[in-house]
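Reading the structure
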Amino acid sequence: GENVEQHPSTLSVQEGDSAVIKCTYSDSASNYFPWYKQELGKRPQLIIDIRSNVGEKKDQRIAVTLNKTAKHFSLHITETQPEDSAVYFCAALGGPFNDYKLSFGAGTTVTVRA
Amino acid sequence: DTGVSQDPRHKITKRGQNVTFRCDPISEHNRLYWYRQTLGQGPEFLTYFQNEAQLEKSRLLSDRFSAERPKGSFSTLEIQRTEQGDSAMYLCASSKGGYNEQFFGPGTRLTVL
């Protein structure tokens, strides 16, 4: 099955700096890669996603890049703000016969220092 | 609130008791998923439904677990003879087909004493 690894497990950045989280996946058939943000005690919420036919996607201060050959994808948050503090999860969704099961990384706890 | 809802939000039970959780998905979503999340980990897939059919079950879902979605709308997850290792957050999600955003509910936090 799919195995998603996520690094780092914790990340502390100064407000205004950038944060980068990296994930690798094992199943070359995976073709949908969402990123979820989970604040303490709350539900995971999608912040951005990317499909395998796209190499990069940007939404305001958030961007995701995908390298299918190397099987890794990354989340970039620029101009970080205190409200960006949360746990971020990357995930991968499999190919045509596995279009239901999201495999998640272990999460990155991001702390933005004011 | 038109998002995914779950009930109860918290459940404390004694080892050996049965518990049942409910999930109400977003109304037009035909797919419904159950995940389990333990502290410091990402959600782990348990099972999913397309309409009323349960199409996949993880090996994490032992014989003590059963899920239903009788009319293709809400779903229930029952755990029989609970064990302390069942303590976790049980998350429900729904989507409109595959390869689309899975919207998560707030979860049911289960504590087995």
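Everything below is about the structure printed above this text.
Scoring rules and cut-offs
Residues numbered from 1 in each chain as written. Chains lettered and ligands numbered in written order. Predicted model: local features only at pLDDT ≥ 70, side-chain atom pairs only at ≥ 80, totals over all residues. Heavy atoms only, no water. Helix = DSSP H or I, 4+ residues; strand = E, 2+ residues; numbered from the N terminus. Contact = heavy atoms within 4.5 Å. Areas by Shrake-Rupley, 256 points an atom, 1.4 Å probe, with all protein chains shown as cover. Lys, Arg positive; Asp, Glu negative; His and termini not counted. Charge placed at Lys NZ, Arg CZ, Asp CG, Glu CD. Buried area = accessible area lost by both parts, 1.4 Å probe. Salt bridge = Lys/Arg side-chain N within 4 Å of Asp/Glu carboxyl O. Nonpolar A, V, L, I, M, F, W, Y, C, P; charged D, E, K, R; others polar. Phe/Tyr/Trp six-rings, centres within 6.5 Å; stacked < 30°, edge-to-face > 60°. Buried < 20%, exposed > 50% of the residue type's maximum accessible area, 1.4 Å probe, protein only. Lys NZ or Arg CZ within 6 Å of the ring centre and 35° of its normal. Core = buried A, V, L, I, M, F, W, Y, C linked by side-chain atoms within 4.5 Å. Pairing = 2+ DSSP bridges. Axes fitted to C-alpha atoms, helices over the stretch in contact; angles between N-to-C directions.

Now for the overall build of chain A. Each helix and strand counted, chain A has zero helices and eleven strands in total. For chain A, the sequential pattern of α-helices and β-strands runs β-β-β-β-β-β-β-β-β-β-β. Taking the principal axes of its C-alpha atoms as reference, chain A extends roughly 45 × 30 × 20 Å. Expressed as a percentage of contacts within chain A between residues at least 6 apart in sequence, the contacts between residues at least 24 apart total 53%. For chain A, the accessible surface area stands at approximately 5,600 Å², while carbon and sulfur atoms represent 48% of it. One way to put it: in chain A the 12 positive side-chain charges average out to a point 3 Å from where the 13 negative ones average out.

This part takes up the interface of chain A and chain B. Listed per partner, the contact involves 21 residues of chain A and 22 residues of chain B. Carbon and sulfur atoms make up 52% of the surface buried where chain A meets chain B, a total of about 1,800 Å² over both sides. Of all residues in chain A, Arg43, Asp99 and Tyr100 of chain A bury the most surface against chain B, accounting for 36% of the area lost on that side. Taken together, the connections running from chain A to chain B amount to one salt bridge. Linking Arg31 of chain B and Asp99 of chain A is a salt bridge whose minimum nitrogen-to-oxygen distance equals 3.2 Å. For the side of chain A that touches chain B, the secondary structure elements donating two or more residues are strand 4 (32-38), strand 5 (45-51), strand 9 (86-93) and strand 10 (102-104) of chain A. In terms of residue count, strand 4 of chain A provides more of the side of chain A that touches chain B than any other element does, three residues in total. A breakdown of the residues in the side of chain A that touches chain B according to their chemical character gives eleven nonpolar, six polar and four charged.

Moving on to the packing of aromatic side chains. Within the structure shown, the criterion is met by 16 aromatic pairs over all chains. A centroid spacing of 6.3 Å and a plane angle of 85° characterise the contact between Phe89 of chain A and Phe104 of chain A, whose relative ring orientation is edge-to-face. A residue pair is termed long-range when its members are at least 10 positions apart, and Phe89 of chain A in strand 9 and Phe104 of chain A in strand 10 qualify at 15 residues. With a relative accessible area of 11%, Phe104 of chain A lands in the buried category. Clustering of aromatic rings is evident, with ring pairs tying together Tyr36, Phe89, Tyr100 and Phe104 of chain A together with Tyr33, Tyr35, Phe45, Tyr48 and Phe104 of chain B. We note Arg22 of chain B situated over the ring of Phe74 of chain B; from NZ or CZ to the ring centre the distance is 3.9 Å.

With respect to the secondary-structure elements, Arg36 of chain B resides in strand 4 (residues 31-37). Buried charge without a salt bridge: Arg36 of chain B, with Glu44 of chain B as the nearest opposite-charge side chain at an N-O distance of 4.5 Å.

This next bit is on unusual backbone geometry. In this chain, His7 of chain A is followed by Pro8 of chain A through a cis amide linkage whose omega measures -5°. Within the secondary structure layout, Pro8 of chain A lies in the loop between strand 1 (4-7) and strand 2 (10-14). Each neighbour pair has its own omega, and for Asp7 of chain B with Pro8 of chain B the value is -5°, a cis peptide bond. Turning to its location among the elements, Pro8 of chain B is positioned in the loop between strand 1 (5-7) and strand 2 (10-13). A positive phi angle, close to 55°, is found at Gln60 of chain A, a residue other than glycine. Assignment of secondary structure puts Gln60 of chain A in the loop between strand 6 (56-59) and strand 7 (62-67). Assessed through its relative accessible area of 71%, Gln60 of chain A is described here as exposed.

What follows concerns the nonpolar core. Across soluble globular proteins, you tend to see nonpolar side chains buried next to one another. Ile21, Tyr25, Phe33, Trp35, Phe73, Leu75 and Tyr88 of chain A are the most contacted members of the largest nonpolar core, which has 23 residues in total. Listing elements by their share of this core, those giving two or more residues are strand 2, strand 3 (19-25), strand 4, strand 5, strand 7, strand 8 (72-77), strand 9 and strand 11 (108-113) of chain A. Setting aside residues no more than four positions away along its own chain, Phe33 of chain A makes contact with Tyr25, Ile48, Asp49, Ile50, Ser52, Leu66, Phe73, Ala91 and Ala92 of chain A. Of all hydrophobic cores here, the second largest spans 19 residues; its members include Cys23, Tyr90, Leu110 and Val112 of chain B.

Residues and elements named next belong to chain A. Across the sheet, which stays open at both edges, the five strands sit in the order 1-3-8-7-6 with antiparallel pairing between neighbours. One side of each edge strand has no neighbouring strand; the edge strands of this open sheet are strand 1 and strand 6. Each strand axis lies, on average, 15° off the axis of its neighbour in the sheet, ignoring direction. Bridge count between strand 7 and strand 8: six bridges; the pairing is antiparallel. Residue Val64 lies in a different strand from strand 8, and its bridge partner there is Leu75.

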